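# A structural walkthrough
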Amino acid sequence: MSFLRFVAKSGCSPLITRQLSLQSMACLTRSSSPKLLATNACIHTTNTNNGSLDGRQPLLPRQLLQQLSTRLLSSSASGAAAQGSHNHSKLWSLERYVSLGLLGVIPAALAVPNPALDYLLALSLVIHVHWGLEAIVVDYIRPSIFGSVVAKLMVAYVYMLSIAALAGLFYFNYTDVGLGVAIRMAAKI
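Given the structure is predicted, the values throughout are model-derived calculations rather than measurements.

## Observations regarding the overall build of the chain
The number of helices and strands found in the chain is 9 helices and 3 strands. Secondary structure elements in the chain, listed N-terminal to C-terminal, are α-α-β-β-β-α-α-α-α-α-α-α. The proportion of buried residues among the 189 residues of the chain is 21%. Restricting the contact set of the chain to residue pairs at least 6 apart, pairs at least 24 apart contribute 46%. Carbon and sulfur atoms form 66% of the exposed surface of the chain, whose accessible area is close to 13200 Å².

In structure tokens, the structure reads:
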């Protein structure tokens, strides 16, 4: 009951308070393994005494809120991806290094006409723009709103756009004056 008083004092609506109280009562009546459990509508632990199972108790309010926030994070698009087998902190660091590298590559490609710098500029610009567009699409074209088919199509469209841009810039670098010289020529106009 102290949890219900906590929920009522924290500004929850009566409907949420009622749902949480029903879920808490359902948690007290279920039986399961002695580990921390997060089942359909309840989150609970088992109370152990000398290694034996003697009953169920709901988590303390702070622990319950932490478990609920973990469940909510895992249901979001970025949270589900972050809890997968991929290490997204390395990707985030790589994005920052590419952004930092652009600060040196852009002036170098403009100052020194060199095919290697032109290809490096094209690659780093396309990667930088791709990651930005992909983040926008993932954040704003959510499967829960637009449906999973539309969300996947938009991500595929971003990939196709990035591949086409990279191919076009590489083709321009190979057959024409190069990206750095072209930008310098456009600036003279």
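## Some details on the UniProt feature "transmembrane region" (unreviewed entry) in the chain
In this numbering, the UniProt entry assigns the feature "transmembrane region" (unreviewed entry) to residues 153-172. Its end C-alpha atoms 28 Å apart, residues 153-172 is made of 100% helix and 0% strand.

## Description of the packing of helix α6 (residues 115-140) against helix α8 (residues 148-175)
It is at 10 Å that the axes of α6 and α8 come closest, and there the two elements cross at 165°. Between α6 and α8, the angle is such that the two are roughly antiparallel. Between α6 and α8 lies a crossing of right-handed hand. Residue-level inspection shows Asp118, Tyr119, Ala122, Leu123, Val126, His130, Leu133, Glu134, Val137 and Val138 of α6 in contact with α8, the latter providing Met154, Val155, Val158, Tyr159, Leu161, Ser162, Ala165, Leu166, Leu169, Phe170, Asn173 and Tyr174.

## Points about the UniProt feature "binding site: a ubiquinone" (unreviewed entry) in the chain
What UniProt calls "binding site: a ubiquinone" (unreviewed entry) maps, in this numbering, to Tyr140. Taking relative accessible area as the criterion, tyrosine 140 reaches 62% and is therefore assigned exposed.

## Observations concerning the nonpolar core
Of all hydrophobic cores here, the largest spans 6 residues; its members are Val105, Ala109, Leu117, Leu121, Ala122 and Leu179. Of all the elements in the fold, those that place two or more residues in this core are α5 (88-111) and α6. Sort the elements by how many residues they give to this core and α6 lands first, with 3 residues. Discounting residues that sit within four places of it in the chain, alanine 122 has contacts with Leu166, Leu169, Phe170, Asn173 and Leu179.

## Thoughts on the pattern of salt bridges
The final tally for this structure, using the stated rule, is 1 salt bridge. The salt bridge partner of glutamate 95 is arginine 96, with a shortest N-O separation of 3.4 Å. On the basis of relative accessible area, arginine 96 is assigned to the partly exposed category, the value being 39%.

## Describing a nonpolar patch on the surface
Taken together, the side chains of Val129, Leu133, Ile136, Tyr140, Ile145, Phe146, Val150, Met154, Tyr157, Met160 and Leu161 define a hydrophobic patch exposed on the protein surface, amounting to about 1100 Å² of accessible area. Of all the secondary-structure elements, those providing two or more residues to the nonpolar patch are α6, α7 (143-146) and α8. Looking at which element gives the most residues to the nonpolar patch, the answer is α8, with 5 residues. Tracing the chain through its elements places methionine 154 in helix α8. A residue is classified by how much of its surface remains accessible, and methionine 154, at 31% relative accessible area, is partly exposed.

## Points about the side chain of histidine 130
Within the secondary structure layout, histidine 130 lies in helix α6. If we ignore the near neighbours within four places in the chain, the residues touching histidine 130 are Val158, Tyr159 and Ser162.

## Regarding α8
Look at α8: 40 Å from first C-alpha to last across 28 residues, which is about the 40 Å you get at 1.5 Å a residue. If you check which residues of α8 are buried, you get Ala151, Val158, Ser162 and Asn173. Buried residues in α8 make contact with α6, α7 and α9 (179-188).

About the thresholds
Residues numbered from 1 in each chain as written. Predicted model: local features only at pLDDT ≥ 70, side-chain atom pairs only at ≥ 80, totals over all residues. Heavy atoms only, no water. Helix = DSSP H or I, 4+ residues; strand = E, 2+ residues; numbered from the N terminus. Buried < 20%, exposed > 50% of the residue type's maximum accessible area, 1.4 Å probe, protein only. Contact = heavy atoms within 4.5 Å. Areas by Shrake-Rupley, 256 points an atom, 1.4 Å probe, with all protein chains shown as cover. UniProt positions renumbered as here; feature names shortened; annotations may be inferred. Axes fitted to C-alpha atoms, helices over the stretch in contact; angles between N-to-C directions. Parallel < 35°, antiparallel > 145°, perpendicular 65-115°, else oblique. Left-handed = near helix turned anticlockwise from the far one by under 90°. Core = buried A, V, L, I, M, F, W, Y, C linked by side-chain atoms within 4.5 Å. Salt bridge = Lys/Arg side-chain N within 4 Å of Asp/Glu carboxyl O. Patch = residues over 30% accessible without salt bridge, like charges linked within 9 Å, V, L, I, M, F, W, Y side chains within 5 Å. Expected span 1.5 Å × (residues − 1).

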